[in-house]
Amino acid sequence: MTPESSFLISLGQALATMSLYNEGHPARERALDTSFEQLLAMTDGNPCVEYSFLGGESVVGTRVMAELSTWDWASKLSAARVERIEIDADVTREAYFEFVDELFRQVTGRCFDTAETRQLVRPPIRFGQLKVKDPATGGAVGPRLTDLTDDGRGEAGVSGIAVDLTEEVAAVRWIHSEVQDGGQIPMAEVEAVVHALASAMHQGEQMLVPLLALKQYDQYTTTHACNVSVLAMGLSERLGFSPAETRAVGVAGLLHDIGKVAIPHELLVKPGRFTDEERKIVQRHPIDGARLILERERGLGLAAVVAYEHHVFLNGEGYPAMRFPRACHYASRIVHVCDIYDALCTDRPYRQAWEPDQALAYLIEQSGRELDPEIVRAFSEMVTEALVQRLDVTAPRTEAPPEPELPATTCATSPMARA
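Since the structure is predicted, the reported quantities are computational estimates derived from the model, not experimental observations. (Residues numbered from 1 in each chain as written. Predicted model: local features only at pLDDT ≥ 70, side-chain atom pairs only at ≥ 80, totals over all residues. Heavy atoms only, no water.)

(A) Up close: the pairing of strand β4 (residues 84–88). Counting buried positions over the 5 residues of β4 gives 5, a clear majority of the element. Burial along β4 is two-sided: the residues Arg-84, Glu-86 and Asp-88 and Ile-85 and Ile-87 are all buried. Summarising the sheet, strand β1 (residues 48–54) and β4 pair through 5 bridges and their orientation is antiparallel. Each residue of the ladder has a partner; that of Ser-52, found in β4, is Arg-84. (Buried < 20%, exposed > 50% of the residue type's maximum accessible area, 1.4 Å probe, protein only. Helix = DSSP H or I, 4+ residues; strand = E, 2+ residues; numbered from the N terminus. Pairing = 2+ DSSP bridges.)

(B) The arrangement of the nonpolar core in detail. Counting residues in hydrophobic clusters, the biggest one holds 59 residues, and the most contacted among them are Leu-254, Ile-293, Tyr-341, Leu-363 and Phe-379. Discounting residues that sit within four places of it in the chain, Phe-379 has contacts with Leu-231, Leu-235, Val-337, Cys-338, Tyr-341, Leu-360 and Leu-363. Listed in part, the 34 residues of the second largest apolar core include Phe-7, Val-49, Leu-77 and Val-82. (Core = buried A, V, L, I, M, F, W, Y, C linked by side-chain atoms within 4.5 Å. Contact = heavy atoms within 4.5 Å.)

(C) Spatial organisation of helix α5 (residues 166–182). Here α5 is 17 residues long and its end C-alpha atoms lie 24 Å apart, about the 24 Å a rise of 1.5 Å per residue gives. Counted residue by residue, α5 has 13 buried out of 17 residues, so it is predominantly covered. Looking one or two residues beyond α5, the residue adopting positive phi is Gly-183, at roughly 70°. (Expected span 1.5 Å × (residues − 1).)

(D) Here's a closer look at the pairing of β1. Burial analysis of β1 places 5 of its 7 residues in the buried class, the great majority of the element. Where β1 and strand β2 (residues 57–60) come together, 4 bridges link them in antiparallel fashion. When the bridges of β2 are listed, Tyr-51 appears paired with Val-60.

If you want it as structure tokens, here you go:
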């Protein structure tokens, strides 16, 4: 077990012991001492260690800690709006004990105003909510730590969600640029965006499906990724998936087109028909995306499968061609439906957006051939019954990684075919 994992386990044990014994009890003191020793071992040679907790997932730096998939304190911390813990190597025993005490109060709902402990000088150990940076502030877009006030809410409100999701779109743009530049998927940011989208989906009394209206064609990659993620999570819930399964489908939806970062931008926004050679380039993105995801993290098997299969038809047509005919994963069929719907409802350089009822009619028409009828039926009911809004995104135009086109099919009458 890694030092990072050992420390989190010891922290959970210390918090559990504090719930059983009063201050000053030997068992409580031993648990805190043991946890601090694990902290020293973890920070040896590491100037700062950053943990993120999103749902039931624990992330250290950019690595999803698959070895802690059953560690229940991740869910408890996330539920208490403790989504990030940052620890500097120079933390003292006294500062650590104060931190654990404050953390315990937060988790048990006994939080108090911690303004005195949050002085102007950066403390050596910090916790709070994850929130993506506002693009207007400049700099790289990734998660930042927000302080918790005396009522446990972050400065941006419940769960730190911006209604227009502009910050999430900006974060996905940054994720794509990171993948394009270094070939690495920053999983802490991916998990943070999916967590934010899931929270936005449930705002209000009725489920909100926040579909983003596109102001500029070069925003298609990021807004489409967010839309597909939200739609796929909403559909997964409707189909009875567990929260963990729903989040996994949300991650797969967010990354389903990640292979398109290798495609030239001018090809993806081309207004006319593709040549045969151009079509071959574009249709490599499922293979490239699956390979990229598999090279990044063993725990992203589902996302890799969805990236590979989301253009394969129910009847085996589509792309990439399967060497041996087989049924696609159920999650791939979910993302396939959501992918087509959002693509049809989006303005593109070569056609105008369809109305939702037109897009739903197309999905129903393709049921049994391209799309799974059961999934299409559930999706149609969800979109019809849910509060569906198209929200404006006004992020400034900047240089961005390649933006993917809407999904293409081999059907000659398909409204998404360009050749």
